[in-house]
Amino acid sequence: AQSVTQPDIHITVSEGASLELRCNYSYGATPYLFWYVQSPGQGLQLLLKYFSGDTLVQGIKGFEAEFKRSQSSFNLRKPSVHWSDAAEYFCAVVRGSARQLTFGSGTQLTVLP
Amino acid sequence: EAGVTQSPTHLIKTRGQQATLRCSPISGHTSVYWYQQALGLGLQFLLWYDEGEERNRGNFPPRFSGRQFPNYSSELNVNALELEDSALYLCASSSGPRERWYNEQFFGPGTRLTVL
């Protein structure tokens, strides 16, 4: 069975600092990976996705993620965090035929002024 | 272009009652997905509908059911409500499976269901 692990429940960074959110997956075949962000009281917004090809993918709001097959990881990064980035971030994987997203438990990001 | 809409925003019910949640997909999308986001349990897949048919179901009891209408909107029904059904229910839509094996799912703002 596929699974997604986000080892950090809560991360606090100062505004302007760099950010890395970790995601590890367990999946037998080539994974299709996603990062979503959820602000309080809102739905999920897709930040970026990886299907194949270049292992470094660029997303919206200045985020990027790198797929590392050898480490089964898909970590999200941002070089300089803004206060508006405070939210909860979810990593997800999809199993193609079923099309359902399997989510990690999420990482809550707090940004200090 | 309007995004995925859900109604109501909040819903309060008592144990044993039935709840009906509604979702309107993005225009042109034929697939609708339902997810439950419960405290402590994270985001879990509930149901997938496409072209009016149930295509896949998550690990939930049969009292969770739904349907998709000819205009591709969808309803999620939860019968015999239990306290642990309290959660945010998110609906997502995407273009249909014939176009590509997978397309991005766009999420609505959710319906907060509280069971007292």
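Up top is the structure these notes are about.
Residues numbered from 1 in each chain as written. Chains lettered and ligands numbered in written order. Predicted model: local features only at pLDDT ≥ 70, side-chain atom pairs only at ≥ 80, totals over all residues. Heavy atoms only, no water.

I tried to follow the interface of chain B and chain A on my own but got confused; where do I start?
Accessible area lost on assembly of the parts is the figure often given for the size of an interface. On the chain A side, the residues contacting the 23 residues of chain B number 20 residues. For the pair chain B and chain A, the summed buried area comes to about 1,800 Å², and 58% of that belongs to carbon and sulfur atoms. Here chain B and chain A share 1 salt bridge between them. Measuring nitrogen to oxygen at the nearest pair gives 3.9 Å for the salt bridge that ties Lys49 of chain A to Glu104 of chain B. If you list the elements that add at least two residues to the side of chain B that touches chain A, you get strand 4 (31-38), strand 5 (42-50) and strand 9 (87-94) of chain B. Among the elements that make up the side of chain B that touches chain A, the one with the highest residue count is strand 4 of chain B (4 residues). Counted by class, the side of chain B that touches chain A contains 12 nonpolar, 9 polar and 2 charged residues. (Contact = heavy atoms within 4.5 Å. Buried area = accessible area lost by both parts, 1.4 Å probe. Salt bridge = Lys/Arg side-chain N within 4 Å of Asp/Glu carboxyl O. Helix = DSSP H or I, 4+ residues; strand = E, 2+ residues; numbered from the N terminus. Nonpolar A, V, L, I, M, F, W, Y, C, P; charged D, E, K, R; others polar.)

Just checking my understanding: could you explain the nonpolar core for this structure?
Soluble globular proteins tend to bury their nonpolar side chains together. Residues and elements named next belong to chain A. With 26 residues, the main nonpolar core has Leu19, Trp35, Leu47, Leu48, Phe74, Leu76 and Tyr89 as its most contacted residues. Those elements that provide at least two residues to this core are strand 2 (10-14), strand 3 (19-21), strand 5 (32-38), strand 6 (44-50), strand 8 (64-68), strand 9 (73-78), strand 10 (87-94) and strand 12 (107-112). Ranked by the residues each element gives to this core, the list is headed by strand 10, at 4 residues. Sequence-distant contacts of Tyr89, defined by excluding residues within four places in its chain, comprise Gln6, Leu21, Trp35, Tyr36, Val37, Leu47, Phe63, Leu76, Gly106, Thr107 and Leu109. (Core = buried A, V, L, I, M, F, W, Y, C linked by side-chain atoms within 4.5 Å. Buried < 20%, exposed > 50% of the residue type's maximum accessible area, 1.4 Å probe, protein only.)

Hey, could you run me through the packing of aromatic side chains in this one?
Any pair of aromatic rings gets described here by the distance separating the centres and the angle formed by the planes. Residues and elements named next belong to chain A. In the structure shown here, the tally under the stated rule is 16 aromatic pairs over all chains. On the numbers, 6.3 Å between centres and 85° between planes, the contact of Phe90 with Phe103 is edge-to-face. One end of the pair, Phe90, is in strand 10; the other, Phe103, is in strand 11 (residues 101-103), with 13 residues separating them in the sequence. Judged by its relative accessible area of 2%, Phe90 is buried. Classification of Phe103 by relative accessible area gives buried; the value is 8%. (Phe/Tyr/Trp six-rings, centres within 6.5 Å; stacked < 30°, edge-to-face > 60°.)

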